[in-house]
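For reference, the chains in residue letters:
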Amino acid sequence: MTTAALAEITRRYPWFSELDAANRASVTLVVRAGVDGFITWFREGATGVAQQNIFAGAPRELTRSLALQQTVDLIRATVETVEHQIVTELDAPDRPVLTTAVLHYSRETAFDAAEVYARAAEARGAWDARLEALVMDAVVRGDADDAVSSRASTLGWGDAAALCVVIGDPPPHDATVARLRTAATRLGLEVLAAIQGPRLVVLLGGTFDDDLDASAHVARLVDFFGAGPVVVGPLVDDLSEAVVSARAALSGRRAAPAWPEAPRPVLARSLLPERALAGDGHARRELAQGIFAPLAAYGGDLVTTLEAFWSCGTSIEATARRLFIHANTVRYRLGRIEELTGYSPSDPRDAYVLRLAGTLYRLLG
């Protein structure tokens, strides 16, 4: 029966002949164990499921070499060969009993195979989770070197055009993290995620146009986070620069409670004032040098107009009277300020950012 089963496997499945000698020998042992196990089990009364798992003696490498579908093919070919032997070698009165026994035994064998592959999948899943946690820890700490990139590739991370780090509260159940991965994959995003104590850190990669586009994608995943703020770090080009995004997202998450009306998700850049007040030096320099310095360097009385505008209670007419200029000139200068900084002096939130940027610009020289 063993010889006939192996011959049938070779005839049906070309991949069996492509296995190396060691794996073919392992398959032979499994088939022989199945046939011998059936004979022993039947001889002892064919009751219960006392037969030993036929895959127990197979080398562990075999489950890595054979896919689950290939294992199912092996079982199917072996069972059908045994059934053919029953039909051709036994007298008709004996066939029904033995055929029923084969069906019962093959069912248990299929369960054994499922158990082996389930354990292997759980082991791989646990290892992948540990590896993913190591990668995310390296990203947050700024240690994403070539080795970390290689580990990320092992987890399926490709060459994303842009990536960002997203940080929020962990979901109530770990299973929600798996759902987040599934949802992100359906959106065409690359994703790595790990729960680090009181926070969920997610690395998203894709063809984002800008930070706002990345935030729009995160908005479709925000329900997979906990109830707190969800902060999106700035886009960077590759994994080695991900610490820049992670640092901004971490700082933003710490400072987010200071802005109760913040959207969810919120860009780390939108939290620059809160981050600066919380002691983030990068945020202070970005406000002073990235936002207010270009305004001060431009000249044209823009800073004077801005301060007069606020002193006059954001009234354009009052500002024009104080500066002895036309109201349209005030409007032009305010529009120019918005073009240079990206913030509108008339918007309360934007005015807050500009005020703090000006204060830090003067403090930091």
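Draft legend 1. Representation of the sheet that holds strand β1 (residues 162-168) within the structure. Ordered in space as β2-β3-β1-β4-β5, the five strands form an open sheet in which the pairing is mixed. Across the chains shown, the open sheet's two edge strands, defined by having one partner strand only, are β2 (190-196) and β5 (266-267). Both β1 and strand β4 (residues 231-232) contribute to a ladder of two bridges, which runs antiparallel. Across the sheet, the residue bridging to Ile167 is Val231, located in β4. Sheet contacts for helix α10 (residues 242-255): β1, β3 (199-206) and β4; angle to β1, the most-contacted strand, approximately 25°.

Draft legend 2. Broad picture of unusual backbone geometry. Here the amide bond leading from Arg264 into Pro265 is cis, since omega sits at 5°, within 30 degrees of zero. Assignment of secondary structure puts Pro265 in the loop between α10 and β5. Unusually for a residue other than glycine, Thr314 sits at a positive phi of about 60°. Relative to the elements of secondary structure, Thr314 occurs in the loop between α13 (302-311) and α14 (316-323). A relative accessible area of 43% means that Thr314 is categorised as partly exposed. For Phe324, which is not glycine, the phi torsion reads 60° and is therefore positive. Inspection of the secondary structure assignment puts Phe324 in the loop between α14 and α15 (327-341). Residue Phe324 is classed as exposed on the basis of its relative accessible area, which comes to 76%.

Draft legend 3. Seen up close, the packing of α13 against α15. At a minimum axis distance of 10 Å, the contact between α13 and α15 shows a crossing angle of 110°. The angle between α13 and α15 falls in the class roughly perpendicular. Along the contact surface, α13 presents Leu302, Thr305, Leu306 and Phe309, while α15 presents Val330, Arg333, Leu334, Arg336, Ile337 and Leu340. Of the residues that constitute the contact of α13 with α15, the class distribution is seven nonpolar, one polar and two charged.

Draft legend 4. Looking closely at the environment of Arg254. Inspection of the secondary structure assignment puts Arg254 in helix α10. Arg254 gets classed as exposed once you look at its relative accessible area, which sits at 63%. Each C-alpha atom of the pair Arg254 and Val231 lies 9.6 Å from the other, and the pair is 23 residues apart in sequence.

Draft legend 5. Inspection of the confidence of the model for the protein at higher detail. Looking at the protein, the pLDDT average stands at 85 and 89% of residues meet or exceed 70. Within the protein, the lowest mean pLDDT, 64, falls on helix α4 (residues 60-65), and the highest, 97, falls on β4.

Draft legend 6. Expanded view of helix α16 (residues 348-364). Between its first and last C-alpha, α16 extends 24 Å over 17 residues, near the 24 Å set by a 1.5 Å rise per residue. Looking only at α16, the buried set comprises Arg349, Asp350, Ala351, Val353, Leu354, Leu356, Ala357, Gly358 and Leu360. Residues of α16 that are buried make contact with α11 (272-277), α12 (281-298), α13 and α15. Sitting at the head of α16, Asp347 places a side-chain oxygen 3.1 Å from the backbone nitrogen of Arg349. Once α16 finishes, Gly365 follows within two positions and takes phi at roughly 70°, a positive value.

Draft legend 7. Structural view of the pattern of salt bridges. Within this structure, the stated rule accounts for 13 salt bridges. One salt bridge connects Arg32 with Asp36, and the closest N-O pair in it is separated by 2.8 Å. Of this pair, Arg32 and Asp36 both sit in helix α3 (residues 21-43), four residues apart, which is roughly one turn of that helix. Overall, the relative accessible area of 45% leaves Arg32 in the partly exposed class. With a closest N to O distance of 3.2 Å, Arg76 and Asp73 form a salt bridge. Of this pair, Arg76 and Asp73 both sit in helix α5 (residues 68-89), separated by three residues, roughly a single helical turn. Looking at Arg76, the relative accessible area reads 37%, which means it is partly exposed. Overall, the relative accessible area of 10% leaves Asp73 in the buried class. One network of salt bridges, in which partners are shared, links Glu8, Arg11, Arg12 and Glu80.

Draft legend 8. A look at the packing of α12 against α15. As a packed pair, α12 and α15 sit with axes 9 Å apart at the nearest point and diverge in direction by 135°. Classified by the interaxial angle, the pair formed by α12 and α15 is oblique. Crossing of α12 against α15: the hand is right-handed. The residues of α15 that touch α12, namely those facing Ile291, Leu295 and Tyr298, are Arg336, Ile337, Leu340 and Thr341. Class assignment for the residues of the contact of α12 with α15 results in five nonpolar, one polar and one charged.

Draft legend 9. Structural context of the pairing of β2. Counting buried positions over the seven residues of β2 gives five, a clear majority of the element. Two strands pair when backbone bridges link them, and β2 and β3 are joined in this way by seven bridges, in the antiparallel orientation. Directly across from Ile195, in β3, lies its bridge partner Leu200. In this antiparallel pair of consecutive strands, β2 and β3, the connection spans two residues, and Gly197 shows a positive phi of 60°.

What counts, and where the lines are drawn
Residues numbered from 1 in each chain as written. Predicted model: local features only at pLDDT ≥ 70, side-chain atom pairs only at ≥ 80, totals over all residues. Heavy atoms only, no water. Pairing = 2+ DSSP bridges. Helix = DSSP H or I, 4+ residues; strand = E, 2+ residues; numbered from the N terminus. Contact = heavy atoms within 4.5 Å. Axes fitted to C-alpha atoms, helices over the stretch in contact; angles between N-to-C directions. Buried < 20%, exposed > 50% of the residue type's maximum accessible area, 1.4 Å probe, protein only. Parallel < 35°, antiparallel > 145°, perpendicular 65-115°, else oblique. Nonpolar A, V, L, I, M, F, W, Y, C, P; charged D, E, K, R; others polar. pLDDT = per-residue confidence, 0-100. Expected span 1.5 Å × (residues − 1). Polar contact = N/O pair within 3.5 Å; in protein donor to acceptor, adjacent residues only side chain to side chain. Salt bridge = Lys/Arg side-chain N within 4 Å of Asp/Glu carboxyl O. Left-handed = near helix turned anticlockwise from the far one by under 90°.

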